[in-house]
Amino acid sequence: MKIGTIGTSWICEAFISAAKHVGGYEFKAAYSRTQEKAEAYAKKHGFEKCYTNLTEMAKSDIDAVYIASPNSFHYEQTKLFLENGKSVICEKPATTTKEQELELLELSDKKGLIYTEAIKSLYVPAFDILKNEVAKLGQIRTVNFVFCQLSSKYSAYLRNECPNIFNPKMHTGCLMDIGVYNIYLAAALFGMPEKIISNSIFLNTGADASGISLLCYKDMTVNLIYSKVGQNYSPSEIIGDRGTISINSLSQLVGIDLIKDGKRENLIPYNMPQHEIMGAEAASFRDAVLYGKNEKTEFVKTTSLLVREITDEIKKQNCFLF
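Engineer: Help me out: how do you make sense of the overall build of the protein in this one?
Structural biologist: In terms of helices and strands, the protein carries 11 helices and 14 strands. Radius of gyration (C-alpha) of the protein: 20 Å, near the 20 Å computed for a compact globule of 322 residues. Seen through its C-alpha atoms, the protein measures out along the principal axes to roughly 55 × 45 × 35 Å. When each of the 322 residues of the protein is scored for burial, the buried share is 57%. The contacts of the protein with a sequence gap of at least 6 include a subset with a gap of at least 24, amounting to 67%. Carbon and sulfur atoms make up 49% of the accessible area of the protein, which amounts to about 14200 Å² in all. Across the protein, the mean location of the 36 positive side-chain charges is 1 Å away from that of the 37 negative side-chain charges.

Engineer: Teacher, can you tell me more about the side chain of K120 here?
Structural biologist: Mapped onto the fold, K120 is located in helix 6 (residues 120–123). Nearest to the buried, unbridged K120 among oppositely charged side chains is E91, at 7.2 Å. If we ignore the near neighbours within four places in the chain, the residues touching K120 are Y181, S251, Q252, Q274, I277, M278 and E281.

Engineer: What's the story with unusual backbone geometry in this structure? I'm lost.
Structural biologist: What you tend to see is this: most non-glycine residues have negative phi, and most peptide bonds are trans. K92 connects to P93 through a cis peptide bond whose omega is -15°. Among the secondary structure elements, P93 is positioned in the loop between strand 5 (87–91) and helix 5 (98–111). For H171, which is not a glycine, the phi torsion comes out positive at approximately 60°. One non-glycine residue, L253, adopts positive backbone phi at about 50°. Inspection of the secondary structure assignment puts L253 in the loop between strand 12 (243–249) and strand 13 (254–260). Its relative accessible area of 1% is what places L253 among the buried residues.

Engineer: So what exactly am I meant to see when it comes to the nonpolar core here?
Structural biologist: What tends to happen in soluble globular proteins is that the nonpolar side chains get buried as a cluster. Within the largest apolar cluster, 50 residues are counted, with the highest numbers of intra-cluster contacts made by L130, F145, F190, V222, I238 and I247. If you tally residues by element for this core, the top one is helix 9 (residues 174–190), at 13 residues. Counting 25 residues, the second largest nonpolar core, distinct from the first, contains M1, I16, I114 and M278.

Engineer: Just to check I follow, could you spell out the pattern of salt bridges for this structure?
Structural biologist: Side chains that differ in charge, positive against negative, can pair when their charged atoms come close. Under the definition given, this model contains 17 salt bridges. Note that K228 and D177 form a salt bridge whose closest N and O atoms lie 2.7 Å from each other. Of this pair, K228 sits in the loop between strand 10 (221–227) and strand 11 (236–240) while D177 sits in helix 9, placing them 51 residues apart in sequence. We classify K228 as buried; its relative accessible area is 5%. The exposure class assigned to D177 is buried, which follows from its relative accessible area of 18%. When the shortest N-O distance is used, the salt bridge between D257 and R264 registers 2.8 Å. Among the residues examined, D257 registers a relative accessible area of 3% and is labelled buried. Taken together, the shared-partner salt bridges connect D109, K293, E298 and K301 into one network.

Engineer: Just checking my understanding: could you explain the pairing of strand 7 (residues 140–148) for this structure?
Structural biologist: Moving residue by residue along a regular strand, the side chains alternate between the two faces of the sheet. Two strands pair when backbone bridges link them, and strand 7 and strand 11 are joined in this way by 4 bridges, in the antiparallel orientation. When the sheet's bridge partners are listed, I140 is paired in strand 11 with G240. With 7 bridges connecting them, strand 7 and strand 10 associate as parallel partners. Considered in strand 10, the bridge of C148 is made with S227.

Engineer: What's the story with the sheet that holds strand 1 (residues 2–6) in this structure? I'm lost.
Structural biologist: Where strands meet in a sheet, backbone hydrogen bonds hold them as pairs that are either parallel or antiparallel. Judged by pairing direction, the sheet is parallel, and its 6 strands sit side by side in the order 3-2-1-4-5-6 without closing on themselves. Here the strands that pair on one side only, and so sit at the sheet edges, are strand 3 (49–51) and strand 6 (115–118). Looking at each pair of strands side by side, their axes are set apart by 20° on average, direction ignored. As paired strands, strand 4 (residues 64–67) and strand 5 are joined by 4 bridges and run parallel to one another. Bridge pairing links Y66 to I89 in strand 5. Most of the contacts of helix 2 (residues 35–45) go to strand 3, to which it runs at about 150°, and overall it touches strand 1, strand 2 (26–31) and strand 3. Each of strand 1, strand 4, strand 5 and strand 6 is contacted by helix 4 (residues 71–83), which is oriented at about 165° to strand 5, the strand it contacts most.

Engineer: What am I meant to see in helix 11 (residues 295–317) here?
Structural biologist: Three- or four-residue spacings in an α-helix give side chains the same orientation, since the helix completes a turn every 3.6 residues. Helix length check: helix 11, at 23 residues, gives a terminal C-alpha distance of 34 Å against a target of 33 Å (1.5 Å per residue), a fit within 8%. One side-chain oxygen at the N-terminal end of helix 11 lies 3.1 Å from the backbone nitrogen of K296; it belongs to N294. Just past helix 11, the residue C319 takes up positive phi, approximately 55°.

Rules used in this analysis
Residues numbered from 1 in each chain as written. Predicted model: local features only at pLDDT ≥ 70, side-chain atom pairs only at ≥ 80, totals over all residues. Heavy atoms only, no water. Helix = DSSP H or I, 4+ residues; strand = E, 2+ residues; numbered from the N terminus. Rg over C-alpha atoms; globule rule 2.2 N^0.38 Å. Buried < 20%, exposed > 50% of the residue type's maximum accessible area, 1.4 Å probe, protein only. Contact = heavy atoms within 4.5 Å. Areas by Shrake-Rupley, 256 points an atom, 1.4 Å probe, with all protein chains shown as cover. Lys, Arg positive; Asp, Glu negative; His and termini not counted. Charge placed at Lys NZ, Arg CZ, Asp CG, Glu CD. Salt bridge = Lys/Arg side-chain N within 4 Å of Asp/Glu carboxyl O. Core = buried A, V, L, I, M, F, W, Y, C linked by side-chain atoms within 4.5 Å. Pairing = 2+ DSSP bridges. Axes fitted to C-alpha atoms, helices over the stretch in contact; angles between N-to-C directions. Expected span 1.5 Å × (residues − 1). Polar contact = N/O pair within 3.5 Å; in protein donor to acceptor, adjacent residues only side chain to side chain.

Read these as spatial facts, not as claims about activity.
Okay, structure coming up:
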């Protein structure tokens with residue numbers, strides 16, 4: 001499969017490494033806004049061509065594109081490539097609103113293309129293991145999903161700069177960068193809540209720094225805590241009356257333990273190579289493009305719509321700028 005990439009960040013490099021690990025990819029086109037960076041990136045990763053014009057790249061002979069640009073560009077770039085007959089895997093969040101997501105899904109179906117979100121935690125085999133174990137926990141009434149990661153860009157903010165991650169014009173901030181991991185796992189495991197109660201803390205740039213959201217189900221409350229201005233060291237937990245599952249990393253689904261009758265059993269190791277974690281989404285996307293939609297890409301599609309609905313409500317409750 002002939003692939004092109006948009007972006008030069010670490011996540012794009014991680015996807016390229018994962019794609020090389022699983023195989024089946026031909027690296028045809030790399031995009032960057034400047035010719036110098038595009039050429040250097042293409043040479044570094046073995047791409048045949050480089051582009052600084054997205055329309056030209058969209059009309060090239062690639063089969064698909066991986067998009068890892070700032071969030072605010074995801075919708076328009078995905079639409080451009082779908083309209084030109086290319087399948088798309090876009091970094092999370094693939095769109096800012098449910099309305100945008102529905103439009104792109106409809107367009108991809110009309111064109112007979114694959115469009116999916118690169119949310120690695122749903123593709124990894126660990127998710128299926130987790131889902132099976134959750135079903136054995138009995139009555140679950142309390143879930144705590146915590147993802148607080150001190151941003152490497154926070155020091156720049158403290159110097160009165162406005163890095164992209166804290167710039168609402170980029171449609172980013174804590175909720176859309178890391179809070180979506182909490183929401184994705186909750187939606188994937190438990191579906192759409194009956195009620196959402198949320199609160200966000202904002203920086204003076206207008207971007208959210210942290211937040212708490214309660215997803216209220218009939219007999220269960222899922223508590224989501226997320227922050228980019230502090231670091232958590234306690235695990236997330238799914239607490240049932242027959243046992244508890246402890247999750248060390250929501251974004252990678254590593255370090256998963258089952259605690260039952262006072263005994264702890266490790267279900268998923270605490271450390272796994274990044275190319276293996278992202279390799280699952282790279283393999284699933286490759287197979288969907290080559291052989292047609294598969295169970296995993298369809299599951300991610302369904303879940304992505306739930307996630308957009310939940311984030312739309314949280315943004316509405318807290319008066320986000322986008």
